[in-house]
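Examining the three-dimensional arrangement
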Amino acid sequence: MPRCAARRRGEGASHWPAAAPNRPMARRDARGRCFCCRGQRQRPPEDALCAIAVVGHGCPLYPRLPGRDCSGRTLQSDDAVETTADGDAEGRSPASHQLGHRSDGPACTPVQRALLELTIPLETLQAVKGRMMQAMRKGLSRQTHAQANMRMLPTYICSTPDGTERGDLLVVELCQSHVRTLWVTLLGDGNQSPQMMSRIFNVPGDITRGKGEVLFDFIAQCVCQFLAGIGSPQHRLPLGFVFPFSCRQTRLDKAELISWSKGFSCSDVEGKDVVQLLQSAINKQELCHVDVVALMNDTVGTMMTCGMGGEPCEVALVVDTGTNSCFMAEAQQVEMAEETSGRMCVNTEWGCFGDDGTLSDILTPYDQRVDQESSNPGEKRFEKLVGSLYLGEIVRHTLITLAAEKVVFTGSNVAVLRTKDVLKTQQVLEIIDSEEGMTKARRALEVLGLRPSERDCCRVQQICRVVVSRAAALCAAGLAAILSHMCQSRELERLVVNVGVDGELYRGYSRFREILQSVTGLLAPECMVTLLPSVDGTGRGAAMVTAVALRLAAHRREVDRLLAPLRLSRTDLERVQALMRQEMELGLGRESNANASIRMLPTYVRSTPDGTERGEFLALDLGGTNFRVLVVRVAQDGIRMASEIYVIPTTIMQGTGEALFDHIMECIMDFQLKQALMEQVLPLGFTFSFPCQQLGLDKAVLLCWTKGFSASGCVGQDVVQLLREAAQRKQHLGLKVVAVVNDTVGTMMSCGYDDPKCEIGLIVGTGTNACYMEEMRNVGTVEGEQGRMCINMEWGAFGDNGCLDDIFTNYDRLVDEKTINAGKQRFEKLISGMYLGEIVRHVLLALVEKQLLFRGKPCPKLQTRDIFQTKFLSTIEIDGLALRKVQAILEDLELQASFEDSVLVREVCQTVSLRAAQLCAAGLAAVVEKMRENRGLDQLAITVGVDGTLYKMHPHFWASVLQSAPRVPGGSRLLMIFWRMRKGILKALGPTRAGAPTSLSGTSQSENLVS
């Protein structure tokens, strides 16, 4: 018989090692060769693995055992020829018969053709993997989910077991022909020795096709009988329900049946919540202490059982009558669920992969006939290539074709082969995975009335092997798709993961396991995978899901209790707004000013820019460890500026006032010299960002130092005069200070240059403050009734009189006690960037103490003050930031965090920063409402100029401010605020706070807020 490349592919010798199922994947060397293929050419021993497909470099893809006759002799069929890694029997290299050609010419025998049709090249498997990844993304997306074949259903299981689970649990599993009930006791010992009792109840056939109510009543009766039989106590019993049908879950304990399968067709169930149906049926049995707390399918249970020791299991696949998989996905990618933090187990429903035709290039005529004879033609296409329910049928149709071509069973009546299901998958597995395989083949065929020859038995064995090997390879392609998706979504270079596996094929055929492991390694080389066999995934696994759900619920209650003081209600915010308004009125009054926590300092700035300002100005900006000097040229065609930053050493910050202002003058002179301005006398604006009592536009008395400054001889002095005296000491006579303001006023004036409606300035950075244009008639601390004046609120001190004591939490008090100004600037300590990190640190310490974080292990580094900086909040709260990066931040702090720890840390950061934004919003609402009332308006359109590192760097701070502003009391009027988000730069007689030129010419963003 002529020999062709296809035949050589069918019987080539293999160098593929028998991969241990729990070992890492096969890897390649630097030249791209499999390690199993390196070295000299060798002939395989008689029991070596043979290939039915070969990758380009000669490494076999689907290994198999050679056929044997009943006496154990190896058979060489006329369809076989040995192929080595370096060449075939006719001298061709493996490259001359690459996988990827289904036919090399008319010389192929029918058996070879069938083997080749059922063989999928590695390149095609790689393509299948890519298509599945696309299908996964389609199923995860809210926009495309409805059209997706892989439904990617959220399970609302957001954690795997950690070994601390304990208690009594009840499990009910609905199977194809019976109901299984289990009592499981977990001891909190790492889940190594759960105590279990179980009972099986057969389901009458008519129930599976009758009314849905009858089915669930039957299940509840099984539970009742089971509990009565074991004499269970009457304390609350949480129940996990294993329901192996496609459901749309919206909570762990709420799932609507999408469709029945596996022979079930009960009426009035599809589209309904099966958890509620079971709970109602249980309540009928007066089992009021039994609560259904979780629903899952068998795949999820498989994952949970394999994650009970040491490292968690994050992927599972079941290859049984049907097939399915699940994995722990990044929650933010599961768009069909509202959960956006952490991870969530996704039920892929991959059995439907290919229903849209994406697998048409690998479907054989045999697969098409199996599909046509099934109860759901055109559906579950992937499952029909992989599930054990169909493999025997694929073999049967292949044999029908070969028998029609008189290649097998010559002289036998083959009509029996046309009977559906006469060849079971269990028989297929016995034929291919046993030393007695040839005997098993003969026996199975003879039972059907066939008279097979030894060659017939050998060919049947070949067909069985290639069908099962193809199933294993397709499973590997699907698993590789999941693993690569996980690796990419977690932004990892290398993923190390445990995969739980269960099902008849995986358990019943060792080569299935080996092919699954090896081919996955070829298709996803960036992933290190350990396959773990599941132990009672449906029963024990369901108990684990239930136990984890209870653990998380208890964990959530305790976390919520600890975070509750930081969570402000709408009523809280309205009260803060009212208190702010009250303190503002006190601060504006001449007699009441001394008793107000908000100083409401007049700035003597009487108007905002109108855009006609022109000229050249100097600006100084002192507000922290850096000091900035600028020259700004304002012309009709725009604004140009140059600036330089100078560092103020700590020794000068905490030395004498004379040394501080001498240093400032030296910086000014250095800048003027570099800019060739020494001969000019320019108007100078001085941004001095410390609390001052302003006595005039160019006169401000320092009330107190903040931000780490403590220079002596300055408090109670006019800072402009201190600067002038320093100029005299340096003999610099060209200094003309015309205005001193703080950064808040500068922010308002900067934005006012572009937008005349900007009448509020806000700083939310290291500290916080606000200013606004107040009617002169309301400013009791300054003479005059006409016009308006900018008021520097100094609202950081709001609450220093105790009016915010009920807002202050224990965490805030711990932070306040360790500051250099305990009891002062209390509002600022709730909002500003200097303190938010410290608040988070104290919350984390409380969570560790309650064993809710880092497994309760001591964290010495977390005891260090200021170790958790506010910049970490801004980074951790970035949308889409992978949990790995959150873990990396924590690891830099010597905190060993699990992904669940990372989720909780992110939640704490979000809670603290949200409260800061809400309090800021309440303060702004008080300011705007006062301005509206001052002007007798029903509505007020206003622009707020904003600056500060917290505002600029935090990803959600400003959005939270917009969402949180309280509504106008009474709700009878709508207050419209147009917030312009701009970096502020002073424009009062010249800028005193500047940034990049683009900050003035760039496009502003506006937000509408209804409050």
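Just above sits the structure.
Overview of the structure. Computed from a predicted model, the values in this text were never measured in an experiment.

Some remarks on helix H10 (residues 425–432)
Among the residues of H10, Thr 425, Val 428, Leu 429, Ile 431 and Ile 432 are the ones counted as buried. One face of H10 carries all of its buried residues, which in axial projection span an arc of 160°. Those residues of H10 that are buried are in contact with helix H9 (388–404), helix H11 (437–447), helix H12 (454–489) and helix H13 (504–508).

Regarding the packing of aromatic side chains
Scanning the entire structure with this criterion turns up 19 aromatic pairs. Where Phe 688 meets Phe 690, the ring centres are 5.1 Å apart and the plane angle is 55°; that geometry is what we call tilted. Like Phe 690, Phe 688 is buried. The interplanar angle of 80° and the centroid separation of 5.0 Å between the aromatic rings of Phe 690 and Trp 705 together place this pair among those described as edge-to-face. In this pair, Phe 690 sits in the loop between strand S21 (682–688) and strand S22 (692–696) while Trp 705 sits in the loop between strand S23 (699–702) and helix H19 (719–729), placing the two residues 15 residues apart along the sequence. Accessibility classification places Phe 690 together with Trp 705 in one group, the buried group. An aromatic cluster is present here, built from Phe 216, Phe 241, Phe 243, Phe 245, Trp 260 and Phe 264 joined pairwise through their rings. Positioned over the ring face of Phe 899 is Arg 343, at 4.6 Å from the centre of the ring. Over the ring of Phe 808 we find Arg 826; its NZ or CZ atom is 3.8 Å from the centre of that ring.

Concerning the environment of Leu 702
With respect to the helices and strands, Leu 702 occurs in strand S23. As for Leu 702 and Cys 692, which are separated by ten residues in sequence, their C-alpha atoms are 4.4 Å apart. When neighbours within four sequence positions are excluded, Leu 702 is seen to be in contact with Phe 688, Phe 690, Pro 691, Cys 692, Cys 714, Val 715, Gly 716, Gln 717 and Val 719.

Comments concerning the packing of helix H21 (residues 810–817) against helix H23 (residues 833–849)
The geometry of H21 relative to H23 is characterised by a closest axis approach of 9 Å and an angle of 125° between their N-to-C directions. If you check the angle between H21 and H23, you find them oblique. As H21 runs across H23, the sense of the crossing is right-handed. Along the contact surface, H21 presents Tyr 811, Asp 812, Leu 814 and Val 815, while H23 presents Tyr 835, Glu 838, Ile 839, His 842, Val 843 and Ala 846. Per-class residue counts for the contact of H21 with H23 are seven nonpolar, one polar and two charged.

Overview of the sheet that holds strand S4 (residues 153–154)
Hydrogen bonding along the main chain pairs the strands of a sheet, whether they run parallel or antiparallel. On the basis of which strands lie adjacent, the open sheet formed by six strands has the order S4-S14-S13-S12-S15-S16 and mixed pairing. The open sheet has two edge strands, S4 and strand S16 (527–533), and neither has a second partner. Pairing geometry for strand S15 (residues 495–502) and S16, over seven bridges, is parallel. Its bridge partner lying in S16, Gly 500 is registered against Leu 532.

About the cut-offs
- Residues numbered from 1 in each chain as written.
- Predicted model: local features only at pLDDT ≥ 70, side-chain atom pairs only at ≥ 80, totals over all residues.
- Heavy atoms only, no water.
- Buried < 20%, exposed > 50% of the residue type's maximum accessible area, 1.4 Å probe, protein only.
- Helix = DSSP H or I, 4+ residues; strand = E, 2+ residues; numbered from the N terminus.
- Arc of directions from axis to C-beta.
- Contact = heavy atoms within 4.5 Å.
- Phe/Tyr/Trp six-rings, centres within 6.5 Å; stacked < 30°, edge-to-face > 60°.
- Lys NZ or Arg CZ within 6 Å of the ring centre and 35° of its normal.
- Axes fitted to C-alpha atoms, helices over the stretch in contact; angles between N-to-C directions.
- Parallel < 35°, antiparallel > 145°, perpendicular 65-115°, else oblique.
- Left-handed = near helix turned anticlockwise from the far one by under 90°.
- Nonpolar A, V, L, I, M, F, W, Y, C, P; charged D, E, K, R; others polar.
- Pairing = 2+ DSSP bridges.

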